[in-house]
Protein chains: 2
Amino acid sequence: MPVLDLSSSAVDLTRTICDIPSVSDDEGALADAIAAAVADLAHLEVYRDGDTIVARTNLGRAKRVVIAGHIDTVPINANLPTRDVDIDGEPHLWGRGTVDMKAGVAVQLKLAVELTDPRVDITWMWYDHEEVAADLNGLTRLARTRPDLFAGDFAILGEPSNGQVEGGCNGNLRAIVRTSGTRAHSARAWVGDNAIHRAAPILARLAEYRPRDVEVEGLVYREGLNAVRIAGGVAGNVIPDACEVEVNYRFAPSLDGEQASQHVREVFAGFDVEVIDLAEGARPGLDAALAQEFVRAVGAEPRPKYGWTDVARFSAMGMPAVNFGPGDPSLAHHDEERVPLRQIDDVERGLRAWLTQS
Amino acid sequence: MPVLDLSSSAVDLTRTICDIPSVSDDEGALADAIAAAVADLAHLEVYRDGDTIVARTNLGRAKRVVIAGHIDTVPINANLPTRDVDIDGEPHLWGRGTVDMKAGVAVQLKLAVELTDPRVDITWMWYDHEEVAADLNGLTRLARTRPDLFAGDFAILGEPSNGQVEGGCNGNLRAIVRTSGTRAHSARAWVGDNAIHRAAPILARLAEYRPRDVEVEGLVYREGLNAVRIAGGVAGNVIPDACEVEVNYRFAPSLDGEQASQHVREVFAGFDVEVIDLAEGARPGLDAALAQEFVRAVGAEPRPKYGWTDVARFSAMGMPAVNFGPGDPSLAHHDEERVPLRQIDDVERGLRAWLTQS
């Protein structure tokens, strides 16, 4: 089993953690290493469920903060092991997971071990299966088996936010827009009805669609509506009788799931639309006192989070939640994923300051 | 090994042959049965190459006619064994292969055995792999290994033509029309460039396309341009960087392959177009004396053939060639494929009369 040296810097710890591959469904080795690192610390009560590890202080503080990070990554694409690279004179760590989100996990893990006497009680959560279907997500499982562990007044997800505070998140909807037709031999196409040709207006509407910018509690959320998959066809000599376009709608947290579904149905009026995945967004929640205090302490400018993250889960539980982690979110899942070392240190310093200030 | 009873009627022989499944690449059992049926006949010289069987008379006649039929079918879809069905009071044989083209093969086989003294020399060909890629076609192989067997003055393909004479055939072109873009996380779609959205004009042009009717030597060929496949997409949260549309152009025999390719490139101007399969059509060739004599003898009205068939192969060798077989071509490859029994008898009678008239 790989051993994590918690006395090393957050940067070195990030490097070590990234070099333990943990693509979704294969988080075991990293989960074991994290569990071992926090196992024997007097200030932490540890609970493990599968590859999700929860470690919490029980100091009787007035407030409790949940700080969470997922330990899985999207598939490796020849971008491990990590490498140290220099970009415009700035040192970076390059490789799968450096941005999404093992730098965040490393910072959290280091602070979990070192902060024996924080000003608030802290529930640290490191969880599996965030990069795949929501029902596999370690937090989904934990919420079912140990909902009590989610008790708290404020939540911080270590998702990449360039070291800034990104509030709330857009919702995420996927739907299949279908056309149907009639098969025929393509030598006599007029006998059939081409379902791919019938999809022309679907692509035209997508190409013409202008996504909205929506202001919610002072932050401007940028939406998006995109085809993420298209498929149709039977054989090279057959007029196809079915075509489907999978669309992905990222919607501002001012819309609930029903409103978002309605919008997609309106855009594709006249077509068969089936919503196959729906996760509501989260309002920024930055009006909460603890959230405002946090933003001031880390000295960051709040921004909207575009991508859906598990902050929505905490938000749905009525807990203000923000994203705060090293790394440029636009490099998440990117083959050239890389994090500036400075951001790792900055996030560590910010979190440490806020969690220990008196 | 199944044994064919050549003393049975062409209808019964069709039933027997259809009930020996012979989907492309699995023609062995049927080929064995055919080879056995013609093996010991004094008037036929037999040659076998794989699952292609050639049987020919060598009577020193002034003219030689090639009569050919493929023995493979498209995949079975719960439509075997055959059934006798009545449609509007007319008896039919229902099931895979009844139309395309085992009724034609049965007629040919029966005549091959019975016509010991025809007025022309005859080269009978039963061949494999017609329903798949052209380079697998038994005639492609035979033309390479035994081009001498293709010697002849006129060719008749037993492809379904409703018992009429269908002259020539449309050409057949398949091409991939591609778009490209830039991948990005779909939560930040504006960072990427959606290749599926970029395919909107491709589908719009296909949907708006009006195929031409082209008169060639008195027959009107109906063209067709269709998408037969579309594919694009990486994952549910990724802006796709590639999309491809496979199009199938059925073009009148007045165009050669280069002109047909040029037409497709013009329709999709501005896009990357790659021609992946191209078979030129065949002009009807009905001005040849032997062809006119044949049309008169079988008492049929010549029509254009829309689908590409191996007549094009003979036409390319300078031999007039027609399609003449039982079955409605629009039911070829259809799950409800079925042939009127009367057409089987009519085609047998027509061919027999012409081949034996003095």
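Residues numbered from 1 in each chain as written. Chains lettered and ligands numbered in written order. Predicted model: local features only at pLDDT ≥ 70, side-chain atom pairs only at ≥ 80, totals over all residues. Heavy atoms only, no water.

Basically, it comes down to this: UniProt positions are given in the numbering used here, feature names are shortened, and annotations may be inferred rather than shown by experiment.
Within an unreviewed UniProt entry, the label attached to chain A reads Succinyl-diaminopimelate desuccinylase, and the organism entered is Microbacterium hatanonis. Taken from UniProt, the Subunit (unreviewed entry) comment for chain A reads in full: "Homodimer." Within the UniProt record for chain A, the comment given under Catalytic activity (unreviewed entry) is "N-succinyl-(2S,6S)-2,6-diaminopimelate + H2O = (2S,6S)-2,6-diaminopimelate + succinate".

1. Here we look at the environment of Ala-252 of chain A
Residues and elements named next belong to chain A. Heads up, the rule is: A run of H or I in DSSP becomes a helix once it reaches four residues, and a run of E becomes a strand once it reaches two; helices and strands are each numbered from the N terminus. When a residue's accessible area, from a 1.4 Å probe over protein chains only, is under 20% of the maximum for its type it is buried; when over 50% it is exposed; and in between it is partly exposed. Contact between two residues is taken to exist if any of their heavy atoms lie within 4.5 Å; hydrogens are not considered.
Relative to the helices and strands, Ala-252 is located in the loop between β15 (242-251) and α7 (257-267). Take Ala-252: its relative accessible area is 0%, and that puts it in the buried class. Spatially, the C-alpha atom of Ala-252 lies 15 Å from that of Arg-313, the residues being 61 residues apart in sequence. Once residues within four sequence positions are removed from consideration, Ala-252 is found in contact with Asn-170, Val-214, Tyr-221 and Glu-223.

2. Considerations on the interface of chain A and chain B
Going by this rule: Once two parts are brought into contact, the accessible area they lose, counted with a 1.4 Å probe and summed over both, makes up the buried area. We define a salt bridge as a contact between a side-chain nitrogen of Lys or Arg and a carboxyl oxygen of Asp or Glu at a distance within 4 Å. For this analysis, a polar contact is any N or O atom pair within 3.5 Å, provided that within protein one partner can donate a hydrogen and the other can accept it, and provided that sequence-adjacent residues contribute only side-chain to side-chain pairs.
With 44 residues of chain A at the interface, the matching set in chain B holds 44 residues. Buried area between chain A and chain B, summed over both chains or domains, comes out near 3500 Å², and the portion from carbon and sulfur atoms is 62%. On the chain A side of the contact with chain B, Arg-188, Trp-190 and His-197 of chain A bury the most area, a combined 18% of that side's loss. Applying the counting criterion to the chain A and chain B interface returns zero salt bridges. Our count for the chain A to chain B interface comes out at 14 residue pairs in polar contact (both at pLDDT 80 or more). Those elements that place two or more of their residues in the side of chain A that touches chain B are α5 (195-198), α6 (200-208), β13 (224-233), β14 (238-239) and β15 of chain A. Tallying contributions element by element places β13 of chain A first for the side of chain A that touches chain B, with nine residues.

3. Observations regarding the pattern of salt bridges
Applying the stated criterion across every chain, the model contains 60 salt bridges over all chains. The salt bridge involving Glu-246 of chain A is made with Arg-174 of chain A; its shortest N-O contact spans 2.7 Å. Of this pair, Glu-246 of chain A sits in strand β15 while Arg-174 of chain A sits in strand β9 (residues 171-180), and the two are 72 residues apart along the sequence. Between Asp-12 of chain B and Arg-15 of chain B there is a salt bridge; the shortest N-O distance is 2.6 Å. With a gap of three residues between them, Asp-12 of chain B and Arg-15 of chain B both fall in helix α1 (residues 10-18), about one helical turn apart. Among the ionic contacts, a cluster of salt bridges with common partners joins Arg-174, Arg-178, Arg-229, Glu-244, Glu-246, Glu-274 and Asp-277 of chain A.

4. Let's talk about the sheet that holds strand β6 (residues 121-127) of chain B
All names here are of chain B. The condition is simple: Strands qualify as paired when DSSP identifies two bridges or more between them. Angles here are taken between N-to-C directions and fall from 0 to 180 degrees, while the axes themselves are lines fitted to C-alpha atoms, restricted in helices to the stretch in contact.
What the eight strands build is an open sheet, ordered β1-β2-β6-β3-β7-β18-β8-β17; its pairing is mixed. This sheet does not close on itself; its edge strands, each paired only once, are β1 (45-49) and β17 (303-304). Taken strand by strand, helix α10 (residues 341-356) contacts β3 (64-70), β6 and β7 (154-157), and its axis lies near 165 degrees from that of β7.

5. Concerning the UniProt feature "domain: Peptidase M20 dimerisation" (unreviewed entry) in chain A
Sites flagged by UniProt as "domain: Peptidase M20 dimerisation" (unreviewed entry) map to residues 171-268 of chain A. Annotated as residues 171-268 of chain A, this span is 24% helix and 43% strand, and its ends, taken at the C-alpha atoms, are 19 Å apart.

6. Points about the packing of aromatic side chains
Residues and elements named next belong to chain B. Filter applied, for reference: Any two rings among Phe, Tyr and Trp, with Trp reduced to its six-membered ring, count as a pair given centres within 6.5 Å; such a pair is stacked if its planes are under 30 degrees apart, edge-to-face if over 60, and tilted if neither.
Enumeration over the complete set of coordinates arrives at 16 aromatic pairs over all chains. Their ring planes at 5 degrees and their centres at 6.3 Å tell us that Trp-124 and Trp-126 sit as a pair that is stacked. The burial state of Trp-124 is the same as that of Trp-126; both residues are buried. The interplanar angle of 85 degrees and the centroid separation of 5.9 Å between the aromatic rings of Phe-154 and Trp-354 together place this pair among those described as edge-to-face.

7. A word on the relation of the copies chain A and chain B
One copy of the chain maps onto the other through a rotation about an axis plus a displacement along that axis. Definition in use: Superposing the copies works by least squares over the C-alpha atoms of residues that have pLDDT at least 70 in both of them.
For the pair chain A and chain B, the relating rotation is 180 degrees, the translation along its axis is 0.0 Å, and the fit reaches an RMSD of 0.1 Å. Such a combination of turn and shift is consistent with a two-fold rotation axis. Residue Ala-231 of chain A of chain A places its C-alpha closer to the rotation axis than any other residue of that unit, at 2.4 Å. Taken together, the interface assignments show that 100% of the residues at the interface of chain A recur at the interface of chain B, consistent with an identical surface on both copies.

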